[in-house]
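The residues making up each chain are set out below.
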Amino acid sequence: MLIQLFILGILSENNYHPYFIKKLFTNIVDIDPSFKLSDGKLYYHFDSLEKKGYIKKIEVIHTENRPEKSVYAITNAGRAYMVELIYKTFDSINLADVQSLYIPILFLKYVDLKRVIGLLDQAIERESKRIDY
């Protein structure tokens, strides 16, 4: 879920090819080594998002002596799904696993912050009840 959210969030900023997005994701790995992304996993998520209509291939770049690069763009359905994933992540957060918020935090500008605050308040309340129990 977090990988797809990252792909959709980055494509909301601009159109890119998967390798560029993997390089950006590598920067997150430098921050938190628990985030790992193989080429196979990356392309699996691109294929999955494309089949669901959340992203689309808009260009194929051919360069001499280099593999072709497919450039992708996010669709309107993809933007809606990205927002849904952000809310879902905050709704299901386990406060002991705060690093799962690293990626959704990058794309908070696409959601209603008051709703996110409400979801975090609910998570704190759930955690407080769990601790009291």
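Reading the values: rules and limits
- Residues numbered from 1 in each chain as written.
- Predicted model: local features only at pLDDT ≥ 70, side-chain atom pairs only at ≥ 80, totals over all residues.
- Heavy atoms only, no water.
- Helix = DSSP H or I, 4+ residues; strand = E, 2+ residues; numbered from the N terminus.
- Buried < 20%, exposed > 50% of the residue type's maximum accessible area, 1.4 Å probe, protein only.
- Contact = heavy atoms within 4.5 Å.
- Areas by Shrake-Rupley, 256 points an atom, 1.4 Å probe, with all protein chains shown as cover.
- Lys, Arg positive; Asp, Glu negative; His and termini not counted.
- Charge placed at Lys NZ, Arg CZ, Asp CG, Glu CD.
- Polar contact = N/O pair within 3.5 Å; in protein donor to acceptor, adjacent residues only side chain to side chain.
- Salt bridge = Lys/Arg side-chain N within 4 Å of Asp/Glu carboxyl O.
- Core = buried A, V, L, I, M, F, W, Y, C linked by side-chain atoms within 4.5 Å.

Q: Sorry if this is basic, but what is going on with the overall build of the protein chain here?
A: A tally of regular secondary structure across the protein chain gives six helices and two strands. Ordering the α and β elements of the protein chain from the N terminus gives α-α-α-β-β-α-α-α. Taken along its principal axes, the extent of the C-alpha atoms in the protein chain is 65 × 30 × 20 Å. Burial analysis of the protein chain (133 residues in total) assigns 38% to the buried set. By sequence separation, contacts in the protein chain at least 24 residues apart represent 62% of the contacts at least 6 residues apart. Summing over all exposed atoms, the protein chain offers an accessible surface of approximately 8300 Å²; the carbon and sulfur share of this is 53%. Charge separation in the protein chain, taken as the distance between the mean sites of 18 positive and 17 negative side-chain charges, equals 3 Å.

Q: What should I look at first to understand the side chain of threonine 75 in this one?
A: Here threonine 75 is to be found in the loop between β2 (69-74) and α4 (76-91). On the basis of relative accessibility, which here comes to 16%, the residue threonine 75 falls in the buried class. Reaching out from threonine 75, the side chain makes a polar contact with the backbone oxygen of glycine 53 at a distance of 2.6 Å. Setting aside anything within four residues of it in sequence, one finds threonine 75 in contact with Gly53, Tyr54, Ile55 and Lys56.

Q: Help me understand the pattern of salt bridges, please; the structure alone is not making it clear to me.
A: Pairing of side chains with opposite charge becomes possible as their charged atoms draw close. Counted by the stated rule, this structure contains four salt bridges. When the shortest N-O distance is used, the salt bridge between aspartate 39 and lysine 22 registers 2.7 Å. Placement of the pair is aspartate 39 in helix α3 (residues 39-51) and lysine 22 in helix α2 (residues 18-31), with a sequence separation of 17 residues. The shortest N-O distance in the salt bridge between glutamate 127 and arginine 130 comes to 2.6 Å. Of this pair, glutamate 127 and arginine 130 both sit in helix α6 (residues 113-132), three residues apart, which is roughly one turn of that helix.

Q: Help me understand the nonpolar core in this model?
A: Looking at soluble globular proteins, one finds that nonpolar side chains tend to be buried together. Grouped together as the largest cluster of nonpolar side chains are 32 residues, with contacts concentrated most on Ile7, Leu8, Leu11 and Phe46. Looking at this core, the elements that each hand over two or more residues are α1 (2-13), α2, α3, β2, α4 and α6. With eight residues, α1 is the single largest residue contributor to this core. When sequence neighbours within four positions are dropped, the list of residues in contact with leucine 11 reads Tyr16, Ile21, Phe46, Ile55, Tyr72, Ala73 and Ile74.

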